[in-house]
Amino acid sequence: MELKVVYRGLRQVSDWALRFYSEIYVDGEENVPRDGPLIITSCHHNELLDIATLSITVPHGRPVCFWAKSSMFKNPLARAILLSSGSIPVARNPNSATAPGEEPSALHEVLFRETVRALDKGEVIGTFPEGTSYTEPGIMQVKDGASRAGLEYIRWAKETRGGQEKRVQIVPVGIVYTDKSQYRSKVCVRWGKPIDVETFAEEQLAADSESGPELDSRPVIKALTAEIEKRMVELTINAPDWDTLHAVEAARDILWDDKERIDSSHFVWISQNLVSLFADPNAAPSVTKAKQSLLRYHSLLNYSNISHASLWGILPDPATRPSRSRAFGIFARQALITVLHPRFALFLPTLVLHTPAYACGLLADRLFSNRDWEETRAQFKAIFGGVVASAAYGGVTAITIRQLIRGTPGVLTKVKIPSFMTPVLKALWTTGRWFFLGENSLSGKARAAVGVLGIFYATSFVLSRWHNYWVGSNYKQLKRLLASWKVFVGILSPYSGDLEGDALARYTVPHIPPSNPYIKQRDAENGTERVLVPPAPSVSSRKLVRPLMEARSEATRALWSFLVDSKFLRGLVTAKMRGEPWMQVAPAT
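Residues numbered from 1 in each chain as written. Predicted model: local features only at pLDDT ≥ 70, side-chain atom pairs only at ≥ 80, totals over all residues. Heavy atoms only, no water.

Draft legend 1. Main features of a nonpolar patch on the surface. Taken together, Ile417, Phe420, Met421, Val424, Leu425 and Leu428 make up a surface patch of nonpolar side chains, about 550 Å² in accessible area. Inspection of the secondary structure puts Met421 in the loop between helix H14 (377-406) and helix H15 (422-434). Accessibility expressed as a relative area gives 31% for Met421, which makes it partly exposed. (Patch = residues over 30% accessible without salt bridge, like charges linked within 9 Å, V, L, I, M, F, W, Y side chains within 5 Å. Areas by Shrake-Rupley, 256 points an atom, 1.4 Å probe, with all protein chains shown as cover. Salt bridge = Lys/Arg side-chain N within 4 Å of Asp/Glu carboxyl O. Helix = DSSP H or I, 4+ residues; strand = E, 2+ residues; numbered from the N terminus. Buried < 20%, exposed > 50% of the residue type's maximum accessible area, 1.4 Å probe, protein only.)

Draft legend 2. Molecular detail of the confidence of the model for the protein. Looking at the protein as a whole, its pLDDT mean stands at 89, while 89% of the residues score no less than 70. Scored below 50 in pLDDT, residues 94-102 makes 16 contacts in the model with residues more than four places away or belonging to other chains. Of the regions scoring below 50 in pLDDT, residues 573-589 engages in 29 contacts with residues more than four places distant in sequence or in other chains. (pLDDT = per-residue confidence, 0-100. Contact = heavy atoms within 4.5 Å.)

Draft legend 3. How the structure looks around the pattern of salt bridges. Scanning the model with the defined rule gives 21 salt bridges in all. Through salt bridges with shared partners, a single network forms among Lys158, Arg167, Asp196 and Glu198.

Draft legend 4. Examining the packing of helix H1 (residues 5-17) against helix H2 (residues 47-57) more closely. Running from N to C, H1 and H2 cross one another at 110°; their axes reach a closest spacing of 9 Å. As far as their axial angle goes, H2 and H1 are roughly perpendicular. The way H1 lies across H2 gives a crossing that is left-handed. Touching Tyr7, Arg11, Ser14, Asp15 and Ala17 of H1 are Leu49, Ala52, Ser55 and Ile56, all from H2. Residue composition of the contact of H1 with H2, grouped by class: 5 nonpolar, 2 polar and 2 charged. (Axes fitted to C-alpha atoms, helices over the stretch in contact; angles between N-to-C directions. Parallel < 35°, antiparallel > 145°, perpendicular 65-115°, else oblique. Left-handed = near helix turned anticlockwise from the far one by under 90°. Nonpolar A, V, L, I, M, F, W, Y, C, P; charged D, E, K, R; others polar.)

Draft legend 5. Expanded view of the packing of helix H13 (residues 342-368) against H14. Two elements in contact, H13 and H14, have axes whose closest approach is 7 Å; the angle formed by their N-to-C orientations is 150°. As far as their axial angle goes, H14 and H13 are roughly antiparallel. Judged by the sense of rotation from one axis to the other, the crossing of H13 with H14 is right-handed. Counted together, Leu353, His354, Pro356, Ala357, Cys360, Gly361, Ala364, Asp365 and Phe368 of H13 and Arg377, Phe380, Lys381, Phe384, Gly385, Val388, Ala389, Ala392, Tyr393 and Val396 of H14 form the full contact between these two elements. Of the residues belonging to the contact of H13 with H14, the class tally is 13 nonpolar, 3 polar and 3 charged.

Draft legend 6. Just the nonpolar core, in detail. Counting residues in hydrophobic clusters, the biggest one holds 63 residues, and the most contacted among them are Ile40 and Trp191. Top element by residues in this core is helix H7 (residues 218-234). It accounts for 6 residues. (Core = buried A, V, L, I, M, F, W, Y, C linked by side-chain atoms within 4.5 Å.)

Draft legend 7. Quick look at the pairing of strand S3 (residues 64-69). With 5 of 6 residues buried, S3 is to be regarded as a mostly interior element. Looking at chain direction, S3 and strand S5 (residues 124-127) are connected through 3 bridges and run parallel. Each residue of the ladder has a partner; that of Val64, found in S5, is Val124. One ladder, built from 3 bridges, connects S3 with strand S4 (residues 88-90); its direction is parallel. Bridge pairing in S4 places Ala68 opposite Pro89. (Pairing = 2+ DSSP bridges.)

Draft legend 8. Structural detail: the side chain of Lys186. When you line up the elements, Lys186 lands in strand S7 (residues 186-191). In terms of polar contacts, Lys186 uses its side chain to reach the backbone carbonyl oxygen of Glu260, at 2.7 Å. Leaving out residues up to four positions away in the same chain, Lys186 has contacts with Tyr21, Ser22, Glu23, Val176, Tyr177, Thr178, Glu260, Ile262 and Ser264. (Polar contact = N/O pair within 3.5 Å; in protein donor to acceptor, adjacent residues only side chain to side chain.)

Written out as structure tokens, the structure reads:
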């Protein structure tokens, strides 16, 4: 077995980067074989973090040889790293056109030759058959590359050795983010049932006389691609358009108060059920008003930069219209909870240490991400924030080593510790000093180097886990504090300052981003033109607070009316009355 040191190093970096999210839920691990040739076909909606997610969640810890776009191999250093990690270059051309400066035929020949070589070794090939990373309401396209690779491997095995030693399989994967660019949101990774490529091809040939005698004929490739797409769709959330998806997001927030409270094992299932409900052509007539009200509320939340979870946290009753005195009371209460709760005191040391990382991540997002392409944002926050956090850990390591060499704990002598911990800390201190008290010889320098690496690892381990344990609850409380301040300022402002009429209308329609040029738009194929909604100009949230309150109340009423008309309330109402989680989202029978 190859050591793949570079790959293992990159997988460790991936693990660090994914601490941007609070939870990575994995389902269907039993569907992935322990050995043998395997092709993974995953959706691709979050740039580099999708690769990181597959690397650390692939069952049995199997190394993955990813197909990577050929442009990434142009830099000599990047090329050396990618090739050392097992990556294989693939041409990515918008709408199947040839990109300038590339020779697709030569690249495709290299791609399939290297893929067959890796599969022959029993390795795992990681592919993103959509062809690029993008943000759309659902899966827009699945290309033939993975299907062709699997079928070509079978043909090559038959020609060179009379057949496969172990049968190649394709496993579809769905990666779903509760809010992919939002810090401390969740990731749901769903590994689907495997497809035995040779069995599928033989069944297709037997059922379709027009497919021809070859396993890798074009009709078989297309049929296998269609099967892969079907399974990928089943593993993810897919809406017919942006309006339906935004309406579902708002409805889910209202029903569950905070989408992060939904059990990760049910998140995709619940969301897709709601999509089916709102997209049903035979839905109750009240669906129109419900969608309009939910879209208005969703848009005002985004433009006021307030989350529904934060608003619900300070004002649980959607009918509430707080007076100025009550709004001030809510803000004062949230301020006191934020700074006086014991969790803040326990979090404060790591908050100070990680503040430069937060600032750097936000700055990188502003400088490098494309605001219209949400999939570009999280990677810059995670990578740049992680680099600065590592530098902070290095600084703590340097201070610790300096104190060990001097033989004085420094400021640590002023920290009161329980008496039972004293022997342990003394032992650690003595052990740490031992690494740096050797002679100035090769063995002494080697021992010091081991000490530096060990202290850095221990420091990073302790500080990162300390931070991650407390950051979630404090971050949620901070968002509630900011929401209470915005509500207070908005209620304090005179009514004449609120936006009305046409001035308000542009903020009640959700922004629809331009399409990715590497995606074939189905609207164009259907003869319709995609309607873009550009973002409205930036505006102070105080001008949107009262319209937001009204929109929330109206959206809640309209949603419940639609659910009543749709007979979706069995289980929902009874669970709510009993104070139980709302896990039942299905038509009443």
